[in-house]
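Chain by chain, the residues run as shown.
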Amino acid sequence: MSVGVNLIALAACLSWPVLELWRQLAAWRALRAMPRSTSPAHADDAQRFAHVDALQPIRSGDPSLSEALGASLRTLGGRGARLHWLIDEDDTAAASAVRAALRMQPALAAQVAVSVHPPCLQGVNPKLFKLDRALAQCRGDVVLVLDDDARLPAATLEALTTALGDGDGPPVITTALPIYLPARGAGARLLARFVNDSAAVTYLPPRLGARTPTINGMCWAMRRDALQAIDGFAPRLRHLTDDLAMARAVLAAGGCIEQRSEPVWLRTDLPDVVAYVRQMHRWMLFALLLVRSEPWPSRLRIAFGQGLPTCAPWLSLLAFALLPTWPGAVALSAGLLLHVVGRRALQRACAGAAAAMQPLTSLLVALLLPLHLAQALVDRRIRWRAHRYRVHANDRFEDIDPAGKIG
């Protein structure tokens, strides 16, 4: 075997640790450059978040829904936030979960406004539809949009609201870093591993560039006057990815996205690997919509900063399989070690805690990711919120089953 071939194989093996180290160093740089948020002495005051309206679109399906809603009521409502729980009129299970959460903490029931919403029209985003209807009921200075399976620490909400500033100047949208808690089911374990391994290296490095391109739709906040200045949710009702739509609206108005490192904790039960694949397919298709909405220079930056490192584990493994050498084995081991240990250290730095290391699961998730991207490239049908959609663009999608039936 020629020396040139050996060098090419070794370079391929080295691609994983080199790109992994580069991504993690960028995340650490962004983390260290981020302004620190300190909670004031009155952070646990019963009225600390009285200026916040928390909008939570609710859809049943997760066994821990009532527990998650109860956590929001206790942590946010217990500090004065007004919670708006938005349920569908045909979702009796969600209504039962809401009643159960209120029964657990009757003293805080006055902090919750429950509203029931009819089905939205075809081609309308069901989450944005409910958010738009609820916005008129908000009276606080800050609007928080929070997924129904999220547990938001008070310190994170403090950081989000502080980063919004006093409202002078262009609009600002702030968003937290998603961290998944252990949940039931093989699919849930894979999903948690993917998010916990990927969140910091995905969301933090763009802070170092010209602009952050999008937000994490699971938890974000804006000043109400800034949200109204961009006409609220109404102009985006026909956008499938609500997070991308809101991010684009803020950027188009000359505003900015403030990505924080403080965590929002989530727990989603996925019973099996099929459910995990379905969830990842939806997320990867949404990611492709983001890339296609960017100008070409940004597309190239995303491809180099996100796409190439995603393929690096496969490149290293294939190179080593075709030409196994001791230097290749060392490079491959370094890639896995950096992926598992380095990303866990980032998670601990952001969230203050990290799940136990799972090297084999981390490797499996890393190897599956390019396959999920490939599926999203060829299959533009997704299942979301009791609907099946065929997606043509962010603002053009059709309901395959208008009656809401999932085949």
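Structure first, text after, so check above.
Residues numbered from 1 in each chain as written. Predicted model: local features only at pLDDT ≥ 70, side-chain atom pairs only at ≥ 80, totals over all residues. Heavy atoms only, no water.

Visitor: Explain a nonpolar patch on the surface to me, please; I cannot follow it from the model alone.
Guide: A surface patch of nonpolar side chains, about 300 Å² in accessible area, is lined by W22, F304 and L308. Among the secondary structure elements, L308 is positioned in helix 10 (residues 296-322). (Patch = residues over 30% accessible without salt bridge, like charges linked within 9 Å, V, L, I, M, F, W, Y side chains within 5 Å. Areas by Shrake-Rupley, 256 points an atom, 1.4 Å probe, with all protein chains shown as cover. Salt bridge = Lys/Arg side-chain N within 4 Å of Asp/Glu carboxyl O. Helix = DSSP H or I, 4+ residues; strand = E, 2+ residues; numbered from the N terminus.)

Visitor: Teacher, can you tell me more about the nonpolar core here?
Guide: Soluble globular proteins: nonpolar side chains tend toward being buried together. Core analysis: the largest hydrophobic core is formed by 64 residues, its most contacted members being W85, L144 and W283. Apart from residues no more than four positions distant in its own chain, W283 is found in contact with Y180, L191, F194, V195 and M218. Counting 27 residues, the second-largest nonpolar core is a separate cluster that includes L131, M222, L227 and L237. (Core = buried A, V, L, I, M, F, W, Y, C linked by side-chain atoms within 4.5 Å. Buried < 20%, exposed > 50% of the residue type's maximum accessible area, 1.4 Å probe, protein only. Contact = heavy atoms within 4.5 Å.)

Visitor: Help me understand the environment of L191 in this model?
Guide: Its location among the elements puts L191 in helix 6 (residues 186-203). When the C-alpha atoms of L191 and G169 are compared, they prove to be 38 Å apart, with 22 residues separating the residues in sequence. With near-sequence residues (within four places) excluded, L191 lies in contact with Y180, T268, L270, Y276, Q279, M280 and W283.

Visitor: Would you mind showing me how to read the environment of A374 here?
Guide: If you trace the backbone, A374 turns up in helix 12 (residues 359-378). Between the C-alpha atoms of A374 and M284, which are 90 residues apart in sequence, the distance is 8.9 Å.

Visitor: For this particular structure, what's the right way to read the packing of aromatic side chains?
Guide: Aromatic ring pairs are described here by two measures, namely the spacing of the ring centres and the angle between the planes. Taken as a whole and assessed by the stated rule, the structure comprises four aromatic pairs. Ring geometry for F194 versus W283: centroids 6.3 Å apart, planes at 35 degrees, classification tilted. Of this pair, F194 sits in helix 6 while W283 sits in helix 9 (residues 273-293), and the two are 89 residues apart along the sequence. For the ring pair Y389 and F397, a centre distance of 5.1 Å and an interplane angle of 85 degrees mean the geometry is edge-to-face. Just as Y389 is buried, F397 falls in that class too. Seen from the ring of W296, R299 lies directly overhead, with NZ or CZ sitting 4.5 Å from the centre. (Phe/Tyr/Trp six-rings, centres within 6.5 Å; stacked < 30°, edge-to-face > 60°. Lys NZ or Arg CZ within 6 Å of the ring centre and 35° of its normal.)

Visitor: Sorry, what's going on with the sheet that holds strand 10 (residues 387-393) here?
Guide: By way of backbone hydrogen bonds, the strands of a sheet pair with one another, either parallel or antiparallel. Across the sheet, which stays open at both edges, the three strands sit in the order 9-10-11 with antiparallel pairing between neighbours. Looking along the sheet, the strands with just one partner apiece sit at the ends: strand 9 (381-384) and strand 11 (396-399). Averaged over all adjacent pairs, the angle separating strand axes in this sheet is 35 degrees, with direction ignored. Taken together, the four bridges between strand 9 and strand 10 define a ladder with antiparallel strand orientation. (Pairing = 2+ DSSP bridges. Axes fitted to C-alpha atoms, helices over the stretch in contact; angles between N-to-C directions.)

Visitor: In this structure, what is going on with helix 8 (residues 242-252)? I would like to understand it.
Guide: Every α-helix carries 3.6 residues per turn, so stepping three or four residues along brings you back to the same face. Summarising burial for helix 8: eight of the 11 residues are buried, a large majority. Among the residues of helix 8, those classed as buried are D242, L244, A245, M246, A247, A249, V250 and L251. At the C-terminal side of helix 8, G254 shows a positive phi close to 85 degrees.

Visitor: Please clarify how the sheet that holds strand 2 (residues 82-88) should be interpreted in this entry.
Guide: Here eight strands make up an open sheet; going across it, the order is 3-2-1-4-7-6-8-5 and the pairing mixed. The open sheet has two edge strands with one neighbour each: strand 3 (112-117) and strand 5 (150-151). Here strand 5 runs beside strand 8 (residues 256-266); their pairing, made up of two bridges, is antiparallel. Across the sheet, the residue bridging to A150 is L266, located in strand 8.

Visitor: Is there a simple way to explain unusual backbone geometry in this structure?
Guide: Where the residue is not glycine, phi is negative for most of them; where a peptide bond is considered, it is trans in most cases. Positive phi outside glycine occurs at D231, with the angle close to 70 degrees. Along the chain, the position of D231 falls in the loop between helix 7 (224-229) and helix 8. Note on D231: relative accessible area 54%, which makes it exposed.

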